[in-house]
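# Descriptive structure summary
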Amino acid sequence: MIIEKKTYYLTGESQRILYVDDRANFLHNEFGPANISYYLNGAPSKVEYYKHGKLHSEIGPARTFYHSNGNIILTGYYIDGELFLEEEFENHIKTKLYW
């Protein structure tokens, strides 16, 4: 079963939300990000997509880091835990869609 774990700043603002498969104890969420961290101002600082404990997204970056103003600092494209350059990722997904 997937459980949601939340931590909060002392002010009550969300600090982090995790979606964890409690049987295998790994991050997992097939319907959205499995790890979301927030700045104190409520803006996301990091958003990560996991499938069975491995960074994974077939629709875009599996890992994104944000500046506190909302601008993207860095993205990472992963499939089953393997890091791809953006162009490699796009080619991999296109190839997969045509099979």
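## Remarks on the overall build of the protein
A tally of regular secondary structure across the protein gives one helix and ten strands. For the protein, the sequential pattern of α-helices and β-strands runs β-β-β-β-β-β-β-β-β-β-α. Expressed as a percentage of its 99 residues, the buried residues of the protein come to 34%. For the protein, the accessible surface area stands at approximately 6700 Å², while carbon and sulfur atoms represent 54% of it. Distance from the positive charge centre (10 side chains) to the negative charge centre (13 side chains) of the protein: 5 Å.

## A look at the nonpolar core
In this structure, Leu18, Val20, Leu27, Ala34, Tyr50, Leu55, Ala62 and Tyr78 together form the largest nonpolar core, which totals eight residues. Excluding residues within four positions of it along the chain, Ala34 makes contact with Ile17, Leu18, Tyr19, Leu27, His28, Asn29, Glu48, Tyr49 and Tyr50.

## Brief notes about the packing of aromatic side chains
Within the structure shown, the criterion is met by one aromatic pair. Seen in terms of ring centroids, Tyr77 and Phe89 are 4.9 Å apart; in terms of plane orientation they differ by 45°. Their pairing is tilted. Placement of Tyr77 in strand β9 (residues 72-79) and of Phe89 in helix α1 (residues 86-97) is noted, with a sequence separation of twelve residues between them. Given a relative accessible area of 11%, Tyr77 falls into the buried group. With relative accessibility at 5%, the residue Phe89 sits in the buried group.

Scoring rules and cut-offs
Residues numbered from 1 in each chain as written. Predicted model: local features only at pLDDT ≥ 70, side-chain atom pairs only at ≥ 80, totals over all residues. Heavy atoms only, no water. Helix = DSSP H or I, 4+ residues; strand = E, 2+ residues; numbered from the N terminus. Buried < 20%, exposed > 50% of the residue type's maximum accessible area, 1.4 Å probe, protein only. Areas by Shrake-Rupley, 256 points an atom, 1.4 Å probe, with all protein chains shown as cover. Lys, Arg positive; Asp, Glu negative; His and termini not counted. Charge placed at Lys NZ, Arg CZ, Asp CG, Glu CD. Core = buried A, V, L, I, M, F, W, Y, C linked by side-chain atoms within 4.5 Å. Contact = heavy atoms within 4.5 Å. Phe/Tyr/Trp six-rings, centres within 6.5 Å; stacked < 30°, edge-to-face > 60°.

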